[in-house]
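One letter stands for each residue in the lines below.
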Amino acid sequence: MSKQLIVIGGGAAGFFCAVNAARLDPSLKVTIIEKSNKLLSKVKVSGGGRCNVTHACFDIVEMSKRYPRGQHFVKKTFHQFFTTDTINWFEERGVKLKTEEDGRMFPVTDSSQTIIECLLKEANKYGVEILMNKEVKKINVQYSIFNVQCSSGEILQSDYLCIASGGYPKTSMFDWLKELGHTIEEPVPSLFTFNLPKHPIAKLMGVSIEKAKVKIQNSPKESLRTKLEEEGPLLITHWGLSGPSVLRLSAWGARELKERNWEFGISVNWLPEFNEQSLKEKFLQFRNTNASQKIINKNSFGLPSRLWEFLAEQSGIKNDAIGIGWRWADLPSTEQNRFIKNLCNYECEVKGKTTFKEEFVTAGGIKLNEVDANTMMSKKVPNLFFAGEVLDVDGITGGFNFQHAWTSGWVAAKSIVECK
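Residues numbered from 1 in each chain as written. Predicted model: local features only at pLDDT ≥ 70, side-chain atom pairs only at ≥ 80, totals over all residues. Heavy atoms only, no water.

(A) Region of the structure containing the packing of helix α1 (residues 12–24) against helix α6 (residues 112–125). One can describe the packing of α1 onto α6 by two numbers: an axis separation of 9 Å at closest approach and a directional angle of 35 degrees. Taken as a pair, α1 and α6 cross one another with a handedness that is left-handed. Facing α1, whose interface residues are F15, F16, V19 and R23, α6 presents L119, L120, E122 and A123. The class makeup of the residues in the contact of α1 with α6 is 6 nonpolar, no polar and 2 charged. (Axes fitted to C-alpha atoms, helices over the stretch in contact; angles between N-to-C directions. Helix = DSSP H or I, 4+ residues; strand = E, 2+ residues; numbered from the N terminus. Left-handed = near helix turned anticlockwise from the far one by under 90°. Contact = heavy atoms within 4.5 Å. Nonpolar A, V, L, I, M, F, W, Y, C, P; charged D, E, K, R; others polar.)

(B) Seen up close, the state of the cysteines. Summed over the entire model, instances satisfying the criterion amount to 0 disulfides. Of the cysteine sulfurs around C150, a residue in no disulfide, the closest is that of C162, at 16 Å. (Disulfide = S-S within 2.5 Å.)

(C) Just the pattern of salt bridges, in detail. Per the counting criterion, the structure on display carries 26 salt bridges. Across the salt bridge formed by E185 and K367, the nearest N and O atoms sit 3.9 Å from each other. Linking E185 in strand β11 (residues 184–190) with K367 in the loop between β19 (361–366) and β20 (384–386), this pair joins segments that are 182 residues apart in sequence. For K367, a relative accessible area of 29% gives the class partly exposed. In this structure, K211 engages E231 in a salt bridge whose closest nitrogen and oxygen atoms are separated by 3.7 Å. (Salt bridge = Lys/Arg side-chain N within 4 Å of Asp/Glu carboxyl O. Buried < 20%, exposed > 50% of the residue type's maximum accessible area, 1.4 Å probe, protein only.)

(D) Layout of the packing of α1 against helix α13 (residues 400–419). Contact geometry of α1 with α13 gives a least axis separation of 7 Å together with a crossing angle of 35 degrees. Here α1 and α13 pass one another in a crossing that is right-handed. Judged by residue contacts, A12, A13, F16, C17, N20, A21, R23 and L24 of α1 engage F402, A405, W406, S408, G409, W410, A412, A413, K414, I416 and V417 from α13. The class makeup of the residues in the contact of α1 with α13 is 14 nonpolar, 3 polar and 2 charged.

(E) View of unusual backbone geometry. Unlike most non-glycine residues, C51 shows phi in positive territory, near 70 degrees. Structurally, the position occupied by C51 is in the loop between α2 (41–49) and β3 (54–55).

(F) View of the sheet that holds strand β12 (residues 192–195). Pairing in this open sheet of 7 strands is antiparallel, and the strands run β17-β16-β13-β14-β15-β12-β18 from one edge to the other. In this open sheet, the two edge strands, each paired with only one partner strand, are β17 (346–351) and β18 (353–355). This sheet shows a mean twist of 40 degrees between the axes of neighbouring strands, independent of strand direction. With respect to the sheet, helix α12 (residues 333–344) is in contact with β16 (263–269) and β17, its orientation differing from that of β16 by roughly 110 degrees. (Pairing = 2+ DSSP bridges.)

This is how it looks when you write it as structure tokens:
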């Protein structure tokens, strides 16, 4: 009888484990169990439907710093399968990747379907069986055989089991894994946008800023002082603030922001190359060089004009009733100081979060000290493996979560084959 591997989860990590195990050992019977009627759903929506496959970072230590949780774990796994391996793996199968300015890597087709079709083709090539609409309710082990019980009552058996079921929003959803003796790090949301209900800035929805610095403010009620801040592109939406800088900040602050019930103060520096003092000096120059020009019309900082006008108005600088408007030479010190503060330290209160499209990520999952990073095998149950987001590993936005999926899936596949 040939040995059997069941992979629970039809996402990136599950597929990568399954197709590589089947390829490395053609005698292994490999089955993917997916609870929904969709395969590779996060791959499909990632990067606006383009699939952010990985990140063009080729230094393991630097790459590992992009993981708020699991940094030391991925540092070990990356020695076996890293970004260069991901690029080569897909290119060997006819999928070329390209690098964008910010380091994100996409298929040259700019379509996630290219990645999906590649993985499905591999599964078909190596005879991986795919079972849809099968939710796993319970797993037990008898005489080194895994009995996987589905919600339908059907029981599937295997010699090896890889759990790549993704993250769950609630601890209770991990109960079927706790029964195997594993401990769960409480899941909390990561990669979310900041809600600013009824805030006037929402009228600027659609405005994007190439580089802004967003900082979480310390709470007067808390003794702990936070140093959470991120710099990068920022997007104003109809519900608040989004974009890479906000998403990265939500990842690093996932646990702390949950403790605050997602209600906290932030400050935004729309001109991160300046502080209030250096910007004041620049304003004094403008008062001499642009004395006769209207403030609203003269934006020498490259900010979107709608944002510049909004911040000017918020500072009390308005075009007057007959449309003449204030000139730089006429700017009173009170309004000037307020304008400088709004440009360098614009404060607002966040009340709630919004999951970033369908690309939600959770911080939390299987405790990492219970899994061998060299093999992805459970330290509690022999021949039980884990891959992907079900582990307490999560990266910031930019292809890092997918790289962990490919790496952990590949390491698990290699280890399973070597177990035989």
